[in-house]
Amino acid sequence: MATREFDIVLFGATGFVGKLTAQYLLEAAPADARIALAGRSAEKLAAVRAELGAGAAEWPLVQADSTDQASLDALAARTKVVVTTVGPYLRYGFPLVQACAENGTHYADLTGEPLFIRDCIDRFGEKAAETGAKIVNSCGYDSIPSDLSVYQLYKRSVADNTGELTDVTLVASLKGGASGGTIDSGRAMMEAIAEDPKKGAIMSHPYSLSPDKSMEPDVGRQTDQALSRASAIDPSLDGWVATFIMGAHNTKIVRRSNGLLGWPYGKNFRYREVMSAGSSATAPLVAAGIAGGIVATMAAGAVLSRAALGRKLIDRIVPKPGTGPSEQSRKSGWFTMRTFANTTSGAKYLCTFAGKGDPGYQATSVMLGQSGLCLAFDTLPELAGILTPAAAMGDALTDRLRAAGITIEVTPA
C-alpha cells in the first residue's frame, strides 16, 4: 500500500455525518496525511471542500457512485483506507466492500445492520482475508463503545490474572437523537426480512455473526429485551433499566470479536446491553414504556414494510436520511456507557466509556475519523477479513480515542 495515492478517502462526504467526519479529519489528521473526498456529485464535493476552508483546499475530489462498480474499483485501488458513511449499507454498501476486498484496501463504516455484515462475511470474507483487507464494520457509537469496553475488560482480567469473563452487562446512558440515516437502516432491514422471512433468524440469533457457531459457549437463552431494577446488575446502581435499541446489534459485534480473537473472553461469557431509565418515581413507567415501545415499533415496522402504502406512511413520519440536529444540539449531547463484568475468580470490574457530544453525530464522527486514521497509520495485528473494531484495532484505537478526549477506564467494581 506504500504506493497508493491516498491515505484515506472519505466516501459520502456530502452527507450530514460525512461532512462532520470530514471536518474532524481536517482537525485530527497529521499535516501530511493524504486525504480525498468522494461522492456522486463533483459539484457538491467541491462545495463541501470549500466549506472546510483553507486546510482542505488541496484535498482531491473523487467522483464515484455506489451503483457504478467500476468507479468504486478505481477508488479502492487508489487509497490505503476507505471510510464510508453511505447507507443504508444493505442498499448501497456491497459494491464498495467488494471493491475494497478485491483491492486489499482497508475499510471502515458505520453500519448497525447485522444482515449487511452477515452477507459481507459470506460474500467477501475469504477474498478480504486473502488480499489483506481489513473490512471493519460498526465504527461509530454503534458499536465501538460496546466492543472496546469488553475488550479492555478482558485485557484487565488477563493483566490481573483474575480468570475469564462471565456475566457482563453494559448500561447505556445518553442524550442525543436518532438520525434519519439510522432509522432508514432499520427500515432497510425490515424490508429485507419482509422479502425473505428467513433473514429474521440473523436478527434474533445471538451468534449470527460468529466466525464459528460450533465454538460458541452454551450459556442458555440470551435475550436483548430488558425491564428490571438496575440494582440487579450491580448494587451501586439505582433506578430501572430497559431494552437498549442498539443492544441487539452491539451484542452480536462483541460476540464476533470474541470469536475472531479466538474466544479469549471465556467459555461462560455472557453479554447483554440495557439502557438506563433513571431513578425518579416514574422510572418504572419510563422503563416499561421504552421496552414495550421498542417491541411495538419493530412489530409495526415489519408489518408496514410489507406494503407500498405502509412504506409511504413511514416516509412521512420518520426523519429523512441526511438530516440531523443543529450544532448547538450536537454539542450539548453526551453518552456514558458503564460495563459491569464478573470473572471466574469472583473479581468484578467496571469499564466506563464516556464522551461529550451527541453520540450519533458528534461522537460518531470522532470514532469513525479515528478508525480511519488508525487503519491508515498505525501498526495493527495481521488479522484481515470482515472484522470488528476490537479485533482489528483494539489497543491502537483505544489509545487514539483516549487521546481524542474520550474516557475509557477500567476499575475494580
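On a predicted model such as this, the values are computed, not experimentally measured, just so you know. (Residues numbered from 1 in each chain as written. Predicted model: local features only at pLDDT ≥ 70, side-chain atom pairs only at ≥ 80, totals over all residues. Heavy atoms only, no water.)

Enquirer: Help me out: how do you make sense of the overall build of the chain in this one?
Expert: Per the secondary structure count, the chain includes 15 helices and 14 strands. Scored against the burial criterion, the 413 residues of the chain give a buried share of 53%. Taking the contacts inside the chain whose residues are at least 6 apart along the sequence as the reference set, 78% of them involve residues at least 24 apart. For the chain, the exposed area adds up to about 17300 Å²; of that, 52% sits on carbon and sulfur atoms. (Helix = DSSP H or I, 4+ residues; strand = E, 2+ residues; numbered from the N terminus. Buried < 20%, exposed > 50% of the residue type's maximum accessible area, 1.4 Å probe, protein only. Contact = heavy atoms within 4.5 Å. Areas by Shrake-Rupley, 256 points an atom, 1.4 Å probe, with all protein chains shown as cover.)

Enquirer: Just to check I follow, could you spell out the sheet that holds strand S10 (residues 270-276) for this structure?
Expert: Through backbone hydrogen bonds, the strands of a sheet pair up, either in parallel or in antiparallel fashion. Reading across the sheet, the seven strands line up as S8-S9-S10-S7-S11-S12-S14 and stay open at both edges, with mixed pairing between neighbours. On the outer flanks of this sheet lie strand S8 (227-229) and strand S14 (407-412), each paired with one strand and no other. Geometrically, the sheet is characterised by an average inter-axis angle of 25 degrees between neighbouring strands, direction not taken into account. (Pairing = 2+ DSSP bridges. Axes fitted to C-alpha atoms, helices over the stretch in contact; angles between N-to-C directions.)

Enquirer: I would appreciate a short explanation of helix H10 (residues 247-260) in the present structure.
Expert: Given 3.6 residues per turn, any residue in an α-helix points the same way as the ones three and four places further on. The terminal C-alpha atoms of H10, which comprises 14 residues, lie 20 Å apart, in line with the 20 Å expected from a rise of 1.5 Å per residue. Counting buried positions along H10 yields 12 of 14 residues, so the element is predominantly enclosed. Every buried residue of H10 is listed here: Gly 247, His 249, Asn 250, Thr 251, Lys 252, Ile 253, Val 254, Arg 255, Arg 256, Ser 257, Asn 258 and Gly 259. If you follow the buried residues of H10, they end up packed against helix H6 (114-131), helix H7 (144-160), helix H9 (200-204), S10, strand S13 (385-387) and helix H15 (389-403). Once H10 ends, the next one or two residues include Gly 262, with phi positive near 100 degrees. (Expected span 1.5 Å × (residues − 1).)

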